[in-house]
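Listed here are the chains, written in short residue letters.
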Amino acid sequence: MPIATLDVVVLDTPTPLALANFYAAILGGTVEQPAEYWVELHGPGVKLAFQKAPDLVPPTWPSPDNSQQFHLDLNVPDLEVAESQVLALGARPLDTRPDRSFRVYADPSGHPFCLCRE
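Model, not experiment: these values are computed from the prediction.

Looking at the layout of surface pockets
By volume, the largest pocket is sized at about 180 Å³. For the largest pocket, the lining is made up of 14 residues, of which Ile-26, Val-76, Ala-82, Gln-85 and Val-86 are closest to its centre. Put simply, the parts of the chain that give the lining of the largest pocket at least two residues each are helix H1 (16-27), strand E5 (72-76) and helix H2 (79-89). In terms of residue count, the dominant contributor to the lining of the largest pocket is H2 (5 residues).

In structure tokens form, the structure reads like this:
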């Protein structure tokens, strides 16, 4: 029997509402802001929250000196199409070598995430 169940993954960001809207554009779902410092994204199969962290220092990818801590893997049917869409939303490419089944980006707050071929 498990001790707990996972409720939500929380990302620190200086701009909670903007980052929630970024991920809502990628994943779908509904953005709710119960407090100025806390925004939630409720989507199919996922709940993310975004907590205000004005002094956030984004991770450097890849870097053993400034660890990424965690990242999100997002499955997509077409890497080329998804890449153009996330870049238009404000993602920044980190490692987009075409010879692999995934590509790495930073969200607008600097958190790494991967688009992975389904």
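Let us keep going from here.
A look at the sheet that holds E5
As summarised here, the arrangement of the 4 strands in space is E5-E8-E7-E6, forming an open sheet in which the pairing is mixed. Both edges of this open sheet fall to E5 and strand E6 (92-95), since each of them pairs with a single strand only. Geometrically, the sheet is characterised by an average inter-axis angle of 35° between neighbouring strands, direction not taken into account. Sheet topology places E6 next to strand E7 (residues 102-106); 3 bridges connect them, and they run antiparallel. In the sheet register, Pro-93 faces E7, and the bridge partner there is Tyr-105.

Some remarks on the nonpolar core
Grouped together as the largest cluster of nonpolar side chains are 20 residues, with contacts concentrated most on Tyr-23, Leu-48, Phe-50, Phe-113 and Leu-115. Only H1, strand E3 (38-43), strand E4 (46-52), E5, H2 and strand E8 (112-117) provide two or more residues apiece to this core. Of the residues forming this core, the biggest block, 5 residues, is contributed by H1. In terms of domain composition, this core takes at least three residues from each of domain 1 (1-54) and domain 2 (56-117). Leaving out residues up to four positions away in the same chain, Tyr-23 has contacts with Leu-11, Gly-28, Leu-41, Leu-48, Phe-50, Leu-72, Asp-107 and Phe-113.

Quick look at the pairing of E5
Where burial is concerned, the two faces of E5 differ: the one with Leu-72, Leu-74 and Val-76 is buried and the one with Asp-73 and Asn-75 is not. The sheet contact formed by E5 and E8 spans 5 bridges and is parallel. For Asp-73, the partnering residue across the bridge sits in E8 and is Cys-114.

So, the side chain of Asp-95
Tracing the sequence through the fold places Asp-95 in strand E6. Of note is the side chain of Asp-95, whose polar atom sits 2.7 Å from the side chain of Arg-100. Discounting residues that sit within four places of it in the chain, Asp-95 has contacts with Trp-61, Arg-100, Arg-103 and Val-104.

A word on the domain arrangement of the protein
Entries for the protein in the domain assignment read domain 1 (1-54) and domain 2 (56-117). One C-alpha centre belongs to domain 1, the other to domain 2; they are set 18 Å apart. Listed as interface residues are 15 residues of domain 1 and, on the opposing side, 13 residues of domain 2. Both sides together, the interface formed by domain 1 and domain 2 hides about 1100 Å², and carbon and sulfur atoms give 78% of it. Looking at the side of domain 1 facing domain 2, the largest losses of area belong to Phe-22, Tyr-23 and Ile-26, adding up to 43% of the total buried there. Viewed at the interface, domain 2 and domain 1 are joined by 0 salt bridges. Inspection of the domain 1/domain 2 interface yields 4 residue pairs in polar contact (both at pLDDT 80 or more). Looking at the side of domain 1 that touches domain 2, the elements that each hand over two or more residues are strand E1 (9-13) and H1. In terms of residue count, the dominant contributor to the side of domain 1 that touches domain 2 is H1 (6 residues). Tallied by class, residues from the side of domain 1 that touches domain 2 come to 12 nonpolar, 2 polar and 1 charged.

Calculation rules
Residues numbered from 1 in each chain as written. Predicted model: local features only at pLDDT ≥ 70, side-chain atom pairs only at ≥ 80, totals over all residues. Heavy atoms only, no water. 1 Å grid on protein atoms, 1.4 Å probe; cavity = no way out; pocket = protein on both sides within 12 Å on 5 of 7 lines; lining within 4 Å. Points joined across faces, edges and corners; volume = space filled by probe spheres on them. Helix = DSSP H or I, 4+ residues; strand = E, 2+ residues; numbered from the N terminus. Pairing = 2+ DSSP bridges. Axes fitted to C-alpha atoms, helices over the stretch in contact; angles between N-to-C directions. Core = buried A, V, L, I, M, F, W, Y, C linked by side-chain atoms within 4.5 Å. Buried < 20%, exposed > 50% of the residue type's maximum accessible area, 1.4 Å probe, protein only. Domains from an automatic or database assignment. Contact = heavy atoms within 4.5 Å. Polar contact = N/O pair within 3.5 Å; in protein donor to acceptor, adjacent residues only side chain to side chain. Buried area = accessible area lost by both parts, 1.4 Å probe. Salt bridge = Lys/Arg side-chain N within 4 Å of Asp/Glu carboxyl O. Nonpolar A, V, L, I, M, F, W, Y, C, P; charged D, E, K, R; others polar.

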